[in-house]
Amino acid sequence: MGLPALEFSDCCLDSPHFRETLKSHEAELDKTNKFIKELIKDGKSLISALKNLSSAKRKFADSLNEFKFQCIGDAETDDEMCIARSLQEFATVLRNLEDERSRMIENASEVLITPLEKFRKEQIGAAREAKKKYDKETEKYCGVLEKHLNLSSKKKEAQLQEADSQVDLVRHHFYEVSLEYVFKVQEVQERKMFEFVEPLLAFLQGLFTFYHHGYELAKDFGDFKTQLTISIQNTRNRFEGTRSEVESLMKKMKENPLEHKTISPYTMEGYLYVQEKRHFGTSWVKHYCTYQRDSKQITMVPFDQKSGGKGGEDESITLKSCTRRKTDSIEKRFCFDVEAVDRPGVITMQALSEEDRRLWMEAMDGREPVYNSNKDSQNEGTAQLDSIGFSIIRKCIHAVETRGINEQGLYRIVGVNSRVQKLLSVLMDPKAASETDTDICAEWEIKTVTSALKTYLRMLPGPLMMYQFQRSFIKAAKLENQETRVSEIHSLVHRLPEKNRQMLQLLMNHLANVANNHKQNLMTVANLGVVFGPTLLRPQEETVAAIMDIKFQNIVIEILIENHEKIFNTVPDVPLTNAQLHLSRKKSSDSKPPSCSERPLTLFHAVPSTEKQEQRNSIINSSLESVSSSANSIPNSSNSLQPNMNSSDPNLDVVKPTRPSSLPEEAVREDSSTPFRKAKALYACKAEHDSELSFTAGTIFDNVHPSQEPGWLEGTLSGKTGLIPENYVEFL
């Protein structure tokens, strides 16, 4: 298991878990720094001590063999595994040469020592300086915050406002420093994968030239060297794309952190000061508190960022009531009282600000008014997978293949944005689109045409390979066996809607043609994967962990290009059952629950012929009866509510539940007389429409019964009635 990703959203919460994760990254950097220092020392000894060359090489080889790379994320790409294995390969080569004698190694210092020292000083040194700044700002922020919270509420309003402004300024600065430090730590962790290994590879290549007797060994090493060079280049390319994405996310977090908060399993969490009675009086102890509304559980962890550790044992209580504390009843500001079922007396807590207290009060159903900070921001593109869209893509592909298939950096070199937008406006004009024989004239540069194609794909309401399949494609790319990867992706492609699959096939055939000309245009399959991975398979939620998965998105595109004839021109051999899908998913270490975008797929009718109509009705009714009977007979099984999503019947369309204005008659559930029941949520879900309910895992719904929309149930939560994804719950 690699190092967990450091989410920028955690910088704001600054939770104990975030601090522990940060410590693991810092320990890895210290470990790498110590190893580099030792490696440099061994390299110098190797250069200066020819008499002890054999023993020096043995020690050097042992050092390489013992070091293991730790990558960010829960899985490694083939390139990363190749790079991680490279140190052991180097060690094997050096051991085979331990009895050989050689003349002085020329230029070894410039090839090996200088790059490692440069990496250590410029990258790891910069990370250490950032840590000092971060620790200093942490201490400063916590000190100012404590001083601020100790201000008496009897102070003048002007003084209090000035103090609030000062705290906000310090908090904002601490947040920026925290983001920058996390960004630098992750950057160094990614850089070491290629900037650390490349000097070693260059040193070994130089060493081979001075060994006549090692010629055959160097010849055998050639294949791995080629593979490693490609892996390093691919990793470097992915790093460049990942770094820009992470930096962009960091900037967004700086501008508006509230819009990028991580979905938490807790209703509310954060730091609170808890009043504790002592023999000499009372004291305020800082705790990291979490609250779960469904169970009414409050967990308090005594923790102080300045000391970097816990100050006592965790405590959990069950909430009975929450009351806002009047300002004139206590000298502290932002206070509220909590009564617990399993603890006598009143617990007085102090929030970090008035806004923070209001949020805690709202979460605990206190006397503060309900506040809804959710924003419904939908940004849909104007592009569509219609006849105009297919016409635009075909025209762009035709222009590229007839005029620019051999241009270097094809699809990687971008065009001028104003020209790209102008070309798109021309192509998207319905009059121009209707003229199917009209090609894109030669006045438009190829880089403008390729940028227009990519921009149009990004303008679609959702990615071409769809949000609900994104996690499935990533899991398929993480499978160990190459044949299994191709088979799983083959199956997933045939679950895409017809138009999405047709557009994807059109694009992959074109990219395969581009890759076939890579000697002229320098665009290999790997390079095309880097370009089109984030465009065709982008995640719905922008997080650091999602950005770290971009490398697997690229691998999916590589597989589609290399196997496009098989994937698009043949039907998957054996459709996967639910049990097989479950087993294949367990091969991947990614065990996160599905997001709300991965809603259950439902089978319903298209417009069929009379003969096929009866066949479809039979399949749909049997599927619905199976789901209903499973729900009643095995209420404790979450899998029993999941219909078979992998039917290979070509007469059935697989679609995601939507909010249609009207439904076909055959799609309406006939078992509307089913009595109301209670159900428990298996996963958390954020509502995308007003008619849906937001909830967390473990939520209990009342009055649950079938709705008029396939794949959805209707239930009541806290007095509000709305829709719930069918396979997100189990009946009680």
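Details of the structure are given in the entry above.
So, a few notes on the structure that sits alongside this text. The structure displayed is predicted, hence computed values, not measured ones.

**Concerning the overall build of the protein chain**
A tally of helices and strands in the protein chain yields 23 helices and 14 strands. For the protein chain, the proportion of its 732 residues judged to be buried stands at 48%. Residue pairs at least 24 apart in sequence account for 72% of intrachain contacts in the protein chain once pairs closer than 6 positions are excluded. Accessible surface computed for the protein chain: about 36,400 Å², of which carbon and sulfur atoms make up 49%.

**A few points about helix α5 (residues 108–149)**
Here α5 spans 59 Å end to end across 42 residues, near enough to the 62 Å set by a 1.5 Å rise per residue. Of all the bends in α5, the greatest measures close to 30° and is centred on glycine 125.

**Focus on helix α14 (residues 470–477)**
The buried count for α14 comes to eight of eight residues, which makes it a mostly enclosed element. All buried positions along α14 are accounted for by Gln470, Arg471, Ser472, Phe473, Ile474, Lys475, Ala476 and Ala477.

**Section: the sheet that holds strand β11 (residues 700–706)**
In spatial order, the strands read β13-β12-β11-β10-β14; together these five strands make up an open sheet with antiparallel pairing. Two strands bound the open sheet, and with one partner strand each, they are β13 (720–725) and β14 (729–731). Recorded for the sheet is a direction-independent mean angle of 45° between the axes of neighbouring strands. Sheet topology note: the β11/strand β12 (residues 712–717) ladder contains three bridges and is antiparallel. Note that in β12 the partner of proline 706 across the bridge is leucine 713.

**A closer look at the packing of helix α2 (residues 16–48) against helix α3 (residues 53–66)**
Between α2 and α3, the shortest axis-to-axis distance is 9 Å and the interhelical angle comes to 160°. It follows that α2 is roughly antiparallel to α3 by the angle criterion. For the element pair α2 and α3, the recorded crossing hand is left-handed. Across from Phe35, Glu38, Leu39, Asp42 and Leu46 in α2, the residues of α3 making contact are Leu53, Ala56, Lys57, Lys59, Phe60, Ser63 and Leu64. Taken together, the residues of the contact of α2 with α3 break down into seven nonpolar, one polar and four charged.

**Describing the nonpolar core**
Counting residues in each nonpolar core, the largest one holds 104 residues, and the members touching the most others are Phe8, Leu64, Phe69, Phe90, Leu228, Phe336 and Met364. Per-element accounting of this core gives the leading share, 14 residues, to α5. If sequence neighbours within four positions are ignored, phenylalanine 8 has contacts with Tyr175, Leu179, Val182, Phe183, Val246, Leu249, Met250, Met253 and Val544. One finds Val400, Leu410, Leu507 and Met523 within the second-largest nonpolar core, a separate group that totals 64 residues.

**A short note on unusual backbone geometry**
Generally, phi is negative for residues other than glycine and the peptide bonds are trans, each holding for most cases. The residue phenylalanine 334 is not glycine, and still its phi comes out positive at about 60°. Residue phenylalanine 334 is classed as buried on the basis of its relative accessible area of 7%. In the Ramachandran plot, serine 718 falls in the positive-phi region, its phi being about 55° despite a non-glycine side chain. With respect to the helices and strands, serine 718 occurs in the loop between β12 and β13. Residue class for serine 718 comes out exposed when judged on its relative accessible area of 77%.

**Details of the pairing of strand β10 (residues 677–681)**
Sheet topology places β10 next to β11; three bridges connect them, and they run antiparallel. Bridge pairing in β11 links alanine 679 to phenylalanine 701. Alignment of β10 against β14, held across three bridges, turns out to be antiparallel. Directly across from alanine 679, in β14, lies its bridge partner phenylalanine 731.

**Observations concerning the packing of helix α6 (residues 157–195) against helix α7 (residues 197–208)**
Between α6 and α7, whose axes approach to 5 Å, the crossing angle comes to 10°. Classified by the angle their axes make, α6 and α7 are roughly parallel. Note on element contacts: α7 touches α6 through Val197, Glu198 and Pro199, opposite Lys192, Met193, Phe194 and Glu195.

**Here's the deal with the pattern of salt bridges**
Scanning all chains against the criterion turns up 27 salt bridges. One salt bridge connects lysine 44 with glutamate 117, and the closest N-O pair in it is separated by 3.6 Å. Here lysine 44 is found in helix α2, whereas its partner glutamate 117 is found in helix α5, with 73 residues between them in sequence. Residue glutamate 117 is classed as partly exposed on the basis of its relative accessible area, which comes to 24%. Between arginine 191 and glutamate 195 there is a salt bridge whose closest N-O contact spans 2.6 Å.

**Quick notes on the environment of glutamate 339**
Turning to its location among the elements, glutamate 339 is positioned in strand β6 (residues 335–340). Measuring from C-alpha to C-alpha, the distance between glutamate 339 and threonine 323 comes to 8.6 Å, with 16 residues separating the pair along the chain. Apart from residues lying up to four places away in sequence, glutamate 339 is in contact with Thr318, Leu319, Lys320, Ser321, Gly345 and Val346.

**Concerning the packing of aromatic side chains**
Following the criterion strictly, the structure yields nine aromatic pairs and no others. Summarising the aromatic geometry, the rings of phenylalanine 60 and phenylalanine 203 are spaced 6.2 Å apart at their centres and angled 75° between planes, so their arrangement reads as edge-to-face. Taken together, the residues span a long stretch of sequence, with phenylalanine 60 in helix α3 and phenylalanine 203 in helix α7 at a distance of 143 residues. When sorted by exposure, phenylalanine 60 lands in the same class as phenylalanine 203, which is buried. Measuring from centroid to centroid gives 5.1 Å for tyrosine 411 and phenylalanine 532, while their planes differ by 65°, and the two rings are edge-to-face. Linking tyrosine 411 in the loop between α10 (387–403) and α11 (417–427) with phenylalanine 532 in helix α18 (residues 525–536), this pair joins segments that are 121 residues apart in sequence. Each member of the pair, tyrosine 411 as well as phenylalanine 532, is classed as buried. Ring pairing ties together the aromatic residues Tyr134, Tyr141, Phe174 and Tyr181, which thus form one cluster. Above the face of the tyrosine 271 ring, lysine 286 is positioned so that its terminal group lies 4.9 Å from the ring centre. For lysine 478, the ring lying beneath its charged end belongs to phenylalanine 552, and the centroid distance is 5.2 Å.

**Examining the environment of serine 152**
Among the secondary structure elements, serine 152 is positioned in the loop between α5 and α6. Among the residues examined, serine 152 registers a relative accessible area of 19% and is labelled buried. Distance in space between the C-alpha atoms of serine 152 and lysine 332 is 6.0 Å, their sequence separation being 180 residues. Not counting residues within four places of it along the chain, the set of residues in contact with serine 152 comprises Leu160 and Glu331. Engagement of the side chain of serine 152 in a polar contact is seen with the backbone nitrogen of lysine 154, the distance being 3.1 Å.

**Structural notes on the pairing of strand β7 (residues 346–350)**
Of all five residues making up β7, four are buried, and the element is well covered by its neighbours. When strand β1 (residues 268–278) meets β7, the two strands line up antiparallel, connected through two bridges. Opposite valine 274, over in β7, you have methionine 349 as the bridge partner. Across five bridges, the pairing between β6 and β7 is antiparallel. Bridge assignment links cysteine 335 to a residue of β7, and that residue is glutamine 350.

**Regarding the environment of threonine 327**
In this structure, threonine 327 sits in the loop between β5 (315–324) and β6. Threonine 327 sits in the partly exposed class, given a relative accessible area of 43%. The spatial distance from the C-alpha of threonine 327 to the C-alpha of lysine 154 is 9.0 Å, given a sequence separation of 173 residues.

What counts and what doesn't
Residues numbered from 1 in each chain as written. Predicted model: local features only at pLDDT ≥ 70, side-chain atom pairs only at ≥ 80, totals over all residues. Heavy atoms only, no water. Helix = DSSP H or I, 4+ residues; strand = E, 2+ residues; numbered from the N terminus. Buried < 20%, exposed > 50% of the residue type's maximum accessible area, 1.4 Å probe, protein only. Contact = heavy atoms within 4.5 Å. Areas by Shrake-Rupley, 256 points an atom, 1.4 Å probe, with all protein chains shown as cover. Expected span 1.5 Å × (residues − 1). Bend = angle between axes of the 7 residues up to and from the residue. Pairing = 2+ DSSP bridges. Axes fitted to C-alpha atoms, helices over the stretch in contact; angles between N-to-C directions. Parallel < 35°, antiparallel > 145°, perpendicular 65-115°, else oblique. Left-handed = near helix turned anticlockwise from the far one by under 90°. Nonpolar A, V, L, I, M, F, W, Y, C, P; charged D, E, K, R; others polar. Core = buried A, V, L, I, M, F, W, Y, C linked by side-chain atoms within 4.5 Å. Salt bridge = Lys/Arg side-chain N within 4 Å of Asp/Glu carboxyl O. Phe/Tyr/Trp six-rings, centres within 6.5 Å; stacked < 30°, edge-to-face > 60°. Lys NZ or Arg CZ within 6 Å of the ring centre and 35° of its normal. Polar contact = N/O pair within 3.5 Å; in protein donor to acceptor, adjacent residues only side chain to side chain.

Purely geometric stuff here, so don't read any function into it on its own.
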